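A structural walkthrough
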Amino acid sequence: MTRPVKAALAMGADVAADLFPANRHAEFEPEVVLLRSEPLTGFDSAEARATLRQSELLVTGWGCPPVSAAVLNEAPRLKAIVHTGGSVKHHLSAAVWDRGIVVTSAAAANALPVAEYTLATILLANKRVIPSSRLLGRTQRFDRATDLDHTIGNFGKRIGLVGASAIGRRVIELLGPFDLEVVVADPYLSSRDAALLGVTRLDLEELISTSDVVSLHAPALPETHHLIDGARIRMMKRGATLINTARGSLVDQRALTDRLVTGEIYAVLDVTDPWIPAPGDRLYTLPNVLLTPHIAGSLGTELRRLAAAALDEAKRIADGRTPRHPVVIDDLTRIA
């Protein structure tokens, strides 16, 4: 058997405590040995530099300091970086790929809870759970003859997904058992791939104007800033629901709020711009809005899935096997 690969954790201390508490460190063995029990929360100290000089593999997470060319100069043995979160764009510089370092991500593992949240909110949106609950709470009565929305229900509804990302594809998979029509708008999705996924590819305007639910799964890039702008928000059919679990910057929030105030559409917003709306923002009190504080991604027990995915990748790399979820530099122009 080959010798163990020397590794270090690089992430916020609280993140490390959730993902890899001390009683889980032995799970890295025998393929991987951690050089220290505490994570590197910075790379500037003498102790951190000493750890970097020995490290052949970094396991990174939220709160990881930027891995710059200067940091890599302190890590001459580094061969791989295994990230426990989704995006690596915020802490890895291009120098990582320039030096041939293998990079992997747990984006696929993190996609599942977001897709589950999306599935749940799609089904609840079409059942008009939000307005029915708010009405019942306000009036403490419900008259089916006058209060029931006769467009209620999931049978035959059109679900429009903006983005065939890892999360978007998970949503497609989870929607499979339901009597729903699924359409997708994504410039990178071919008609052939759409057919293989069992969905119909549409242009964005047609998707927005004809879907009962529009769910966003596109990355935050300069070209996707306010992708859902005022004109497209006005295209949404009366009674439609916008779900955003991606990034707040994808939506012109002022234009969305103006349309929501009319009561013509609904929204489920797990992300906004800014992340937490300012005190007094109308989104807090509109009866046709469900606002959640960015909880769709991995939290609580779901962090164990991210840790398991990272452990698997670290062991595969240590054994000389191909990682399951590599990230190549060309991906960075089209992923979150």
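Rules behind the numbers
- Residues numbered from 1 in each chain as written.
- Predicted model: local features only at pLDDT ≥ 70, side-chain atom pairs only at ≥ 80, totals over all residues.
- Heavy atoms only, no water.
- Helix = DSSP H or I, 4+ residues; strand = E, 2+ residues; numbered from the N terminus.
- Buried < 20%, exposed > 50% of the residue type's maximum accessible area, 1.4 Å probe, protein only.
- Contact = heavy atoms within 4.5 Å.
- Areas by Shrake-Rupley, 256 points an atom, 1.4 Å probe, with all protein chains shown as cover.
- Lys, Arg positive; Asp, Glu negative; His and termini not counted.
- Charge placed at Lys NZ, Arg CZ, Asp CG, Glu CD.
- Pairing = 2+ DSSP bridges.
- Axes fitted to C-alpha atoms, helices over the stretch in contact; angles between N-to-C directions.
- Polar contact = N/O pair within 3.5 Å; in protein donor to acceptor, adjacent residues only side chain to side chain.
- Phe/Tyr/Trp six-rings, centres within 6.5 Å; stacked < 30°, edge-to-face > 60°.
- Core = buried A, V, L, I, M, F, W, Y, C linked by side-chain atoms within 4.5 Å.
- Salt bridge = Lys/Arg side-chain N within 4 Å of Asp/Glu carboxyl O.

This part covers the overall build of the chain. When you go through the chain residue by residue, the secondary structure sums to 13 helices and 12 strands. Seen through its C-alpha atoms, the chain measures out along the principal axes to roughly 70 × 45 × 35 Å. Across the 336 residues of the chain, 49% fall into the buried class. Excluding contacts between residues fewer than 6 apart, the proportion of contacts in the chain whose partners are at least 24 apart in sequence is 65%. As presented, the chain carries roughly 16100 Å² of accessible surface, and 54% of it is formed by carbon and sulfur atoms. Considering the chain, the positive charge centre built from 37 side chains and the negative charge centre built from 38 side chains are found 1 Å apart.

A word on the sheet that holds strand β6 (residues 158-162). Across the sheet, which stays open at both edges, the seven strands sit in the order β8-β7-β6-β9-β10-β11-β12 with parallel pairing between neighbours. Because the sheet does not close on itself, it has two edges, and the strands there are β8 (200-201) and β12 (289-291). Two strands pair when backbone bridges link them, and strand β10 (residues 241-244) and strand β11 (residues 266-269) are joined in this way by four bridges, in the parallel orientation. Of the residues in β11, the one forming a bridge with Thr-241 is Tyr-266. Here helix α8 (residues 166-175) sits on the sheet in contact with β6 and β7 (181-185), set at roughly 160° to β6.

For the rest of this paragraph, the subject is the pairing of strand β3 (residues 57-60). Along a regular strand, successive side chains alternate from one face of the sheet to the other. Side chains Leu-57 and Val-59 project from β3 onto one buried face, and the interleaved Leu-58 and Thr-60 project onto a second face that is buried too. Sheet analysis places β3 next to strand β4 (residues 80-83), joined by four bridges and oriented parallel. In the sheet register, Thr-60 faces β4, and the bridge partner there is His-83.

Before going further, it helps to spend a moment on the environment of Ser-165. Note on placement: Ser-165 falls in the loop between β6 and α8. Sequence separation of Ser-165 and Tyr-188 is 23 residues, and the distance between their C-alpha atoms is 9.6 Å. Side-chain polar atoms of Ser-165 contact the backbone oxygen of His-217, separated by 3.0 Å.

Before going further, it helps to examine the packing of aromatic side chains. Counted under the stated rule, the structure contains one aromatic pair. Each ring, one from Phe-20 and one from Phe-28, has its centre 5.2 Å from the other, and the planes form 45°; the classification is tilted.

What follows covers the nonpolar core. Taken as a class, soluble globular proteins show a tendency for nonpolar side chains to be buried jointly. Ranked by internal contacts, the top residues of the largest apolar core, which has 28 residues, are Leu-207, Leu-216, Val-251, Leu-256 and Leu-260. Looking at this core, the elements with two or more residues in it are β7, α10 (204-210), β9 (213-216), α12 (253-261) and β11. Discounting chain neighbours no more than four positions away, the residues touching Val-251 are Leu-216, His-226, Ile-228, Ile-233, Leu-242, Asn-244 and Leu-256. Membership of the second largest hydrophobic core comes to 24 residues, among which are Val-15, Phe-20, Ala-109 and Leu-311.

Time to look at the pattern of salt bridges. By the definition in use, this model includes 17 salt bridges. Between Asp-258 and Arg-282 there is a salt bridge, and its shortest N-O distance comes to 3.2 Å. Taken together, the residues span a long stretch of sequence, with Asp-258 in helix α12 and Arg-282 in the loop between β11 and β12 at a distance of 24 residues. In this structure Asp-258 comes out as partly exposed when scored by relative accessible area, which is 42%. Salt bridges sharing partners connect three or more residues here, namely Arg-238, Arg-259 and Glu-264.

Taken across its six residues, strand β1 (residues 5-10) has five buried, putting it largely inside the fold. Pairing of β1 with strand β2 (residues 32-34), which is carried by three bridges, proceeds in the parallel orientation. In the sheet register, Ala-7 faces β2, and the bridge partner there is Leu-34. Relative to β3, β1 runs parallel, the two sharing four bridges. In the sheet register, Ala-8 faces β3, and the bridge partner there is Leu-58.

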